[in-house]
Amino acid sequence: MADATATRTAARRAASLPRVNGSAVVMVLYLLFLLLPIYWLINMSLKTNMEILSTFTLWPNDLTFANYRTILTDASWYMGYVNSIIYVTLNTVISVSVALPAAYAFSRYSFVGDKHLFFWLLTNRMAPPAVFALPFFQLYSSVGLFDTHIAVALAHTLFNVPLAVWILEGFMRGVPKEIDETAYIDGYSFGRFFVKIFMPLVSSGIGVAAFFCFMFSWVELLLSRTLTSVEAKPIAATMTRTVSASGLDWGVLAAAGVLTIIPGALVIYFVRNYIAKGFALGRV
Amino acid sequence: MEKTVNQKAWFLVLPVLVLVAFSAIIPLMTVVNYSVQDSFGQNNFFWAGLVWFEDLLHSPRMWNALGRQVVFSSIILAIEVPLGIFIALNMPKKGLWATVCLVLMSLPLLIPWNVVGTIWQVFARVDIGLLGYTLDSLGVDYNYTQGFYAAWTTLIVMDVWHWTSLVALLAYAGLQSIPDAYYQAARIDQASRWKIFRYIELPKMSGVLTIAILLRFMDSFKIYTEPFVVTGGGPGNATTFLSIDLVKMALGQFDLGNAAAFSIIYFLVILAVSWVFYTVMTNLDKKDGV
């Protein structure tokens, strides 16, 4: 597909037409494909259940915010969002802070077993959560952490720590080693050098790693649902329960879905300027 | 870069090691334990050897799920990788429009997986969904809860919707790292668009593309939430992939021995394929000197 279009664009350029047109059409079509299902969800969230089920309308005829009001005033709903945000933040902080020194070690030194260790870390990124669901449940129950935010945060480090190490190692390899050596000659201790000089140099890497940790912890459902019941129940799990319990409250379901998109959209908005740069410098 | 040999570096790796050991090795040992024991309840376990593995390898259940999984992963890789590259080539290079594209394209990646399922479940419904309704009024026999092909198509389109952007963003990052001088040289040589793609862009993207393929392979092989929400593994067992089958076995039927043996085989399959990818990738790294 790519080559056919490539030749076509080449032909078009030869005819000295601006190339941007073809690309713009492709991009508009692709973005339309991405946004249409999301639009449909937003559309439904602004309708009454009556309208959803009785007539087929492309936009809400009978605009209502009742679905959102239900969620934002009911603690069993909005606490889901709070819980999710708590464990996602905890996880991001833990993952990035333990990954930083490890990534530095992998990028600068060779030591016994380093390659094996690195691959073993990566295997945890590959592990299917379904394999770990039951053992995690038993493990965290036995140490009394079941249904706490920290349990979910720790469980998610299983795949986020390896990912953070992997990303950060890629960024740190790009920083010349002479910088370390100069700093040591200038009398910096390792700790001070790392925090004062090195971390600012890889700040975009830290940003990208944090972004991915946030992302994978925020979207995960199987483990977070298995490890919680009431106190730390994530919003995603609240949604699944409500679907089965009340059956067909489509409007509220859609509104809850729309609200889960917002934190992600905000994060993207904040990192928008260096996400492409970050992708390019790092490995993910 | 030349690396110094320094065994003290282990201290820097220690926190990661402790953390991951806690959340990976202990649970994994539990699984191994279950896979070689049998129980008559009340926590009385006795040694069962490799019975579970033998059972599993002789029953069609796991093979069927594995077959479906392989077909699914192959299809989505075959669609998402070329499409992702194609989209990346068409993305604007800089300016406001580029930012808009980046932000909108990242959007599906940050939607919780069950919400992705919900979105498509609603979108594809014949009675209230835009897609289902449109197809239905066009006279297409489309019902993803009953039709085999409809269910598969829905899941594949959903996955393409969900993950193509990741491939595209990675490929785009690879493209961004190509210096302008390369393109100028190609222009002087009057290289065709195809030649530019084949000899400049594709080699420069090979690193990120291997990562993209590795990530997409691993994640599609682990897929659970989205098909669970949309089809629940049905109609029949048509979309029961490995994870869905495993969760059914472990948490639904509490068939611990079988489930544990299943887990181990499942994990080993992913590990083996990923190891091949990883080896290829590190070799590429060495060749490019990245």
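Each chain carries its own residue numbering, running from 1 in the written order of its sequence. Each chain takes a letter, starting from A, and each ligand takes a number, starting from 1, following the order in which they are written. Residue-level local features of this predicted model are given only where pLDDT is at least 70; pairs of side-chain atoms are given and counted only at 80 or more, and the full residue set underlies all totals for whole chains, interfaces and linings.

### Quick notes on the packing of helix α6 (residues 114-126) of chain A against helix α8 (residues 149-173) of chain A
Working note: a packed helix pair is described by the angle between its axes plus the distance between those axes. All names here are of chain A. Axis lines are fitted through C-alpha atoms, for helices just across the contact stretch, and the angle between N-to-C directions can take any value from 0 to 180 degrees. Numbering of helices and strands runs from the N terminus; a helix is a DSSP stretch of H or I covering at least four residues, while a strand is a stretch of E covering at least two. Remark: α6 packs on α8, axes separated minimally by 7 Å, with the N-to-C direction vectors making an angle of 130°. On the basis of the axis angle, α6 is oblique to α8. By crossing handedness, the relation of α6 to α8 is classed as left-handed. In contact with Leu121, Leu122, Asn124 and Arg125 of α6, α8 contributes Leu158, Phe159, Pro162, Leu163, Val165 and Trp166. Roughly parallel here means an angle under 35 degrees, roughly antiparallel means over 145, roughly perpendicular means 65 to 115, and every remaining angle is called oblique. Handedness of a crossing follows from how the near helix is turned relative to the far one, being left-handed for an anticlockwise turn of less than a right angle and right-handed for a clockwise one. The contact rule is simple: place each C-beta atom from the backbone, and if two of them lie within 7 Å, those residues are in contact.

### Re the environment of Lys204 of chain B
Residues and elements named next belong to chain B. Assignment of secondary structure puts Lys204 in helix α9 (residues 193-221). Note on burial: count the other C-beta atoms lying within 10 Å of the residue's C-beta; 20 or more is buried, 12 or fewer is exposed, in between is partly exposed, and C-beta positions come from the backbone. Classification of Lys204 by C-beta neighbours within 10 Å gives partly exposed; the count is 19. For the pair formed by Lys204 and Trp97, sequence separation is 107 residues and the distance between their alpha carbons is 24 Å. Residue contacts for Lys204: discarding those within four places in its chain leaves Gly174, Ser177 and Ile178.

### Observations concerning the nonpolar core
In terms of nonpolar packing, the biggest core is built from 158 residues, with Ala99, Val165 and Leu168 of chain A together with Ala171 of chain B touching the most fellow members. Considering each element in turn, this core owes the most residues, 16 residues, to α8 of chain A. Those residues in contact with Leu168 of chain A that sit more than four places away from it in its chain are Ala99, Leu100, Ala103, Val202, Gly205 and Ala209 of chain A. Joined through C-beta atoms within 7 Å, a set of buried Ala, Val, Leu, Ile, Met, Phe, Trp, Tyr and Cys residues constitutes a nonpolar core.

### Some details on helix α11 (residues 203-219) of chain A
Taking 1.5 Å per residue as the helical rise, α11 of chain A with its 17 residues ought to reach 24 Å, and the 24 Å between its terminal C-alpha atoms agrees with that figure. In terms of burial, α11 of chain A is largely enclosed, as 13 of its 17 residues are buried. Here the expected span of a helix is defined as 1.5 Å times the quantity of residues minus one.

### Focus on helix α8 (residues 180-188) of chain B
Among the nine residues that make up α8 of chain B, zero are buried, leaving the element largely open to the surroundings. Just downstream of α8 of chain B, Gln190 of chain B is the residue with a positive phi angle, here 55°.

### Quick look at the confidence of the model for chain A
Residue and element names in this part refer to chain A. Confidence of the predictor in every single residue is expressed as pLDDT, which spans 0 to 100. Summing up the model confidence of chain A, the mean pLDDT is 82 and the portion of residues at 70 or higher is 86%. Taken element by element, the predicted model of chain A shows its lowest mean pLDDT in helix α1 (residues 2-14) (50) and its highest in helix α5 (residues 75-108) (91). Long-range and interchain partners of residues 11-18, a stretch whose pLDDT sits below 50, account for four contacts in this model, where long-range means more than four residues apart.

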